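Report on the structure
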Amino acid sequence: MNETHAPLSTETEPRGDLCIRTLAMPADTNANGDIFGGWLLSQMDIAGGVAASKVAKSRTVTVSIDAMNFRKPVYVGDLVSVHANLVRVGRTSMTIHLEAWVVRRKETKPILVTDGNFTYVAIDEQGSPRVIPRDGATISA
């Protein structure tokens, strides 16, 4: 898998570990009344940080976001779930593919709305990069 480009997902169900689930609220809208892309990006980064910390077994920081695909809008009242798949683990960094899915009001089928690759670096208590332990790094607890 080319880690610089997010795969075009044809999946009909979320893949990976659920890291966060939240409800899109009116305060999160843009001038058009849709959920602001920055809010969704923030939720994805929070979820990725949760996943990255599990892999690194330490604090992590976001260093890049690549290949973002904003596929469909998110609306007020949508239940937003972000799922994480570990793509690559390096010496101090890792790439995690994140997928944001929604379930719209009065519907049951999840819809892929956004996905992309986020890169995180493991850091120590002083904020310096640290080596990621190689004991079978996975996102699952």
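Numbering of residues begins from 1 in every chain and follows the order in which that chain's sequence is written. Local features in this predicted model are restricted to residues of pLDDT 70 or higher, and side-chain atom pairs are both shown and tallied only at a pLDDT of 80 or more, whereas totals for entire chains, interfaces and linings draw on every residue. Neither water nor hydrogens contribute to the side-chain values; these are computed over all heavy atoms in the structure.

A few words now on the overall build of the protein chain. Each helix corresponds to a stretch of at least 4 residues labelled H or I by DSSP, and each strand to a stretch of at least 2 residues labelled E; elements are numbered beginning at the N terminus. In terms of regular secondary structure, the protein chain is built from one helix and five strands. Start at the N end of the protein chain and walk to the C end: the helices and strands fall as β-α-β-β-β-β. In the protein chain, which comprises 141 residues, the share counted as buried stands at 40%. In the structure as shown, the protein chain presents an accessible area of about 7,400 Å², 53% of it carried by carbon and sulfur atoms. Each residue gets one of three labels from its accessible area relative to the maximum for its type: buried under 20%, exposed over 50%, partly exposed in between, using a 1.4 Å probe on protein chains only. Accessible surface is estimated by sampling points in the Shrake-Rupley manner with a 1.4 Å probe; for residues, cover comes only from the protein chains shown.

Two strands are said to pair when DSSP picks up at least two bridges between them. Spatially, the five strands line up as an open sheet ordered E1-E3-E4-E5-E2, and their pairing is antiparallel. Each end of this open sheet is capped by a strand with a single partner; those strands are strand E1 (17-23) and strand E2 (59-70). The mean inter-strand angle of the sheet, taken between neighbouring strand axes irrespective of direction, is 25°. Two strands pair when backbone bridges link them, and E1 and strand E3 (residues 79-89) are joined in this way by six bridges, in the antiparallel orientation. Across the sheet, the residue bridging to Ile20 is Val82, located in E3. Between the N-to-C directions of two axes lies an angle of 0 to 180 degrees, each axis being a line fitted to C-alpha atoms and, for a helix, fitted only over the stretch in contact.

Time to look at the confidence of the model for the protein chain. The predicted model of the protein chain has a mean per-residue pLDDT of 91, with 89% of residues at 70 or higher. pLDDT gives the predictor's per-residue confidence on a scale running from 0 to 100. Should any heavy atoms of two residues lie within 4.5 Å, those residues are counted as being in contact. Low confidence marks residues 1-6, where pLDDT is under 50. Its contacts with residues over four positions away, or in another chain, come to 16 contacts.

Non-glycine residue Ala67 carries a positive phi angle of around 55°. Along the chain, the position of Ala67 falls in strand E2.

Right, let's get into helix H1 (residues 37-56). With 20 residues, H1 extends 28 Å from end C-alpha to end C-alpha; this agrees with the ideal 28 Å at 1.5 Å per step. Taken as a whole, H1 has its buried residues at Trp39, Leu40, Gln43, Met44, Ala47, Gly48, Gly49, Ala51, Ala52, Val55 and Ala56. Each element contacted by the buried residues of H1 is listed here: E1, E2, E3, strand E4 (93-103) and strand E5 (111-123). To estimate how far a helix should extend, the number of its residues minus one is multiplied by 1.5 Å.

Here the focus is the pairing of E3. Relative to E4, E3 runs antiparallel, the two being bridged by ten bridges. Across the sheet, residue His83 finds its bridge partner in E4, namely Glu99. Linkage of E3 to E4, two consecutive antiparallel strands, is achieved through a turn of three residues.

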